[in-house]
Amino acid sequence: MTEPATTPPPGCPAHAGAAPLYGPRFQTDPGGVYRELREEHGPVAPVELAGGVPAWLVIGYRELQLVTSQPKVFGRDSTRWNQWPEIPADWPLKPMMAPVPSILYAEGADHQRRSAAVTDALAGVDPYELKKFSEEIADRLIDEFAGRGEAELVAEYAHRLPLLVLCRLFGLDEDEAPVLIKGLVAMLDGGADAQAGAQQLLDVMLGLVHRKREDPGPDVTSRLLEHSAGLTDEEVMRDLRVLLIAGHQPCAYWIANALRLMLTDERFAASLTGGRRSIGQALGEALWEDTPTQIFAGRWATRDTRLGGQQIAAGDMVLLGIAGANADPTVRPDGRPAEGNRAYLSFSYGEHGCPYPAREAAEVIATTAIEVLLDRLPDLRLAVTGSALVWRPSAWVRALVALPVAFTPGYVAD
């Protein structure tokens, strides 16, 4: 249970010492920022987003589980945010928390109805077929650069593979993938193009819904439209955008982050000569060390309460610090996860956590992506030093800007 609310002492502003979740330090060393916040504030820390917007960041493992399992205290509906009157219309992070009628912000019976439809639609994906066309797409993408002896694996591979797989699952045309990637990256980077990127995604999803309403097929979109939950076209459009973002970005950066680990950590050298066990180990450790979704926005307090020693006011925004919680010394006292430990919070927790069919699909896609790449290019190596790799300037994702590699030119299919 949360602690009972009490009045903060006089002269002790709720957000004294707030740390910015932006800037060069946070971009290059978020883990160091989380450690310092934990030392100074404990498992819940005052932070600020771009523009000086205040929030609470939950970096305690137990506290994050508590927040995500108590929807009556920490709700998903962002209309209750007490900062909306202060937020400018062009705030670049607005698309990540604007109160839109999607499964992301639905609560109670509405969320249960939409969640059931999404889970059932995703459960209709055959994992064997998923692996088969993930392999086909991986081979096709590798064919484009295998003969060169060099590649940039974020843009040419990790970004494109899961998106092309999702296009097939959703019933989208592959030629729409470049527009989708542009919109996704713009939205999550939180720059000047963020709102335009969010609208791009909606436009593509709306066109897809209209096509599938007229001509259904064996895809996720058609199953959502035909589900007994009776979703409207707008509901399906908005929920598909949520599924696209949640399905693409974490999977793409999971692939890239695991590859970075395998190319820079000698413990995973066996993976580069076909060691399957190391691939699974690297994927698991990447979720602990560089989880793709490092912060999730968020929850909003439904009433005054206390959490982790902090006074939380009704309407305050509470950010899920997934990367910080994964590093909580109460669950990782020696700093490293035990091999095979899958207790990471990378797929969130509680009723708004990632549904099991989506987790299963992400693991199939990520594992297949790395298996095929290392089968085709077994002497893969970084083309730059590990210290030269640059992380994206996003509060939400832990993602490389680029992953340049070199290798012996390989066989390209006709």
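What counts and how
Throughout this description, residue numbers start from 1 for each chain and increase along the sequence as written. Local features in a predicted model are, by the rule used here, given only for residues with pLDDT of at least 70; side-chain atom pairs are given and counted only at 80 or more, and totals for whole chains, interfaces and linings are based on all residues. By convention in this description, side-chain values take in all heavy atoms of the structure and omit both hydrogens and water. For helices the rule is a DSSP run of H or I covering at least 4 residues; for strands it is a run of E covering at least 2, with both sets numbered from the N terminus onward. In this treatment the radius of gyration is a C-alpha quantity, and the globule benchmark scales as 2.2 Å times the residue count to the 0.38 power. For every residue, the accessible area obtained with a 1.4 Å probe (protein chains only) is divided by the maximum for its type, and the residue is called buried under 20%, exposed over 50%, and partly exposed between those limits. What makes two residues a contact is simply this: any of their non-hydrogen atoms within 4.5 Å. When DSSP locates at least two bridges between a pair of strands, those strands are taken to pair. Note on geometry: axes are lines fitted to C-alpha atoms, helical ones only across the stretch in contact, with angles between N-to-C directions running from 0 to 180 degrees. The pocket and cavity definitions rest on a 1 Å grid over protein atoms only: a 1.4 Å probe that fits but cannot leave marks a cavity, an open set with protein on both sides within 12 Å along at least five of seven lines marks a pocket, and residues lining either have an atom within 4 Å of a point. Grid points are joined across faces, edges and corners, and a volume is the space filled by probe spheres set on the points. Think of it as three bins: nonpolar holds Ala, Val, Leu, Ile, Met, Phe, Trp, Tyr, Cys and Pro, charged holds Asp, Glu, Lys and Arg, and polar takes everything else, Gly as well. Here, the term nonpolar core denotes a set of buried Ala, Val, Leu, Ile, Met, Phe, Trp, Tyr and Cys residues that are joined through side-chain atoms within 4.5 Å. Salt bridge, as used here: a side-chain nitrogen of Lys or Arg that lies within 4 Å of a carboxyl oxygen of Asp or Glu. Two helices crossing with the near one rotated counterclockwise from the far one by less than a right angle form a left-handed crossing, whereas a clockwise rotation gives a right-handed crossing.

Topic: the overall build of the protein
Helix and strand counts for the protein stand at 14 helices and eleven strands. On C-alpha atoms alone, the protein measures out to a radius of gyration of 21 Å, which is about the 22 Å that the 2.2 N^0.38 rule sets for 414 residues. Each principal axis of the C-alpha distribution contributes one length, and for the protein these read about 75 × 55 × 35 Å. Out of the 414 residues belonging to the protein, those deemed buried represent 54%. Pairs at least 24 residues apart make up 72% of the contacts formed inside the protein by residues separated by at least 6 positions.

Thoughts on the sheet that holds strand β1 (residues 19-20)
Taken together, the six strands give an open sheet; going across it, the order is β1-β2-β3-β9-β6-β4, and neighbouring strands pair in mixed fashion. Each end of this open sheet is capped by a strand with a single partner; those strands are β1 and β4 (74-75). Pairing of β1 with strand β2 (residues 44-49), which is carried by two bridges, proceeds in the parallel orientation. Counterpart to P20 in the pairing with β2 is E48. Along the sheet face, helix α2 (residues 30-41) touches β1, β2 and β3 (53-58) and points at about 130 degrees away from the line of β2.

Quick notes on the environment of A297
The residue A297 is located in strand β6 (residues 296-301) in this model. Residue A297 is classed as buried on the basis of its relative accessible area of 4%. Dropping the residues within four chain positions of it, A297 is found in contact with R76, M96, M97, L319 and W396.

Notes on empty space enclosed by the protein
A probe as big as a water molecule, rolled over the atoms, marks out the empty space that is left. One pass over the structure, following the stated rule, counts one cavity of 30 Å³ or more. Approximately 40 Å³ is the volume attributed to the largest cavity. Taken together, the residues of the lining of the largest cavity sort by class into five nonpolar, three polar and two charged.

A look at the nonpolar core
Formed by 122 residues in total, the largest nonpolar core has its most connected members in M97, Y157, L319 and W396. In terms of residue count, the dominant contributor to this core is helix α11 (residues 233-264) (17 residues).

A few points about the pattern of salt bridges
Tallied over the entire structure, the rule returns 26 salt bridges. E235 is the salt-bridge partner of R114, the closest N and O atoms lying 3.9 Å from each other. On the criterion of sequence distance, the pair formed by R114 in helix α4 (residues 108-123) and E235 in helix α11 is long-range, its members being 121 residues apart. On the basis of relative accessible area, R114 is assigned to the buried category, the value being 2%. When its relative accessible area of 15% is taken as the criterion, E235 is described as buried. Measuring nitrogen to oxygen at the nearest pair gives 3.2 Å for the salt bridge that ties E234 to R238.

Structural notes on the sheet that holds strand β10 (residues 381-382)
Strand order in the open sheet formed by three strands is β5-β11-β10, with antiparallel pairing between adjacent strands. Looking at the sheet topology across the chains shown, the edges are occupied by β5 (150-152) and β10. Bridge count for β5 against strand β11 (residues 404-406) is three bridges, and the pairing is antiparallel. Paired with A151 across the two strands is V405, which belongs to β11.

Quick word on the layout of surface pockets
In this structure, the second largest pocket encloses a volume near 440 Å³. Looking at the second largest pocket, it is lined by 19 residues, and the ones nearest its centre are G31, R35, E289, A323 and A327. Secondary-structure elements contributing two or more residues to the lining of the second largest pocket are α2 and α12 (276-289). No other element matches α2, which puts six residues into the lining of the second largest pocket. Considering only residue class, the lining of the second largest pocket consists of six nonpolar, six polar and seven charged.

Remarks on the packing of α4 against α11
To describe two helices that pack against each other, one gives the angle between their axes and the distance between the axes. Packing of α4 against α11 leaves a shortest axis separation of 12 Å and a crossing angle of 65 degrees. The two elements α4 and α11 meet at a crossing, and its hand is right-handed. The segment α4 lies against α11, with D110, R113, R114, V118 and L122 engaging E235, D239 and L243. A breakdown of the residues in the contact of α4 with α11 according to their chemical character gives three nonpolar, no polar and five charged.

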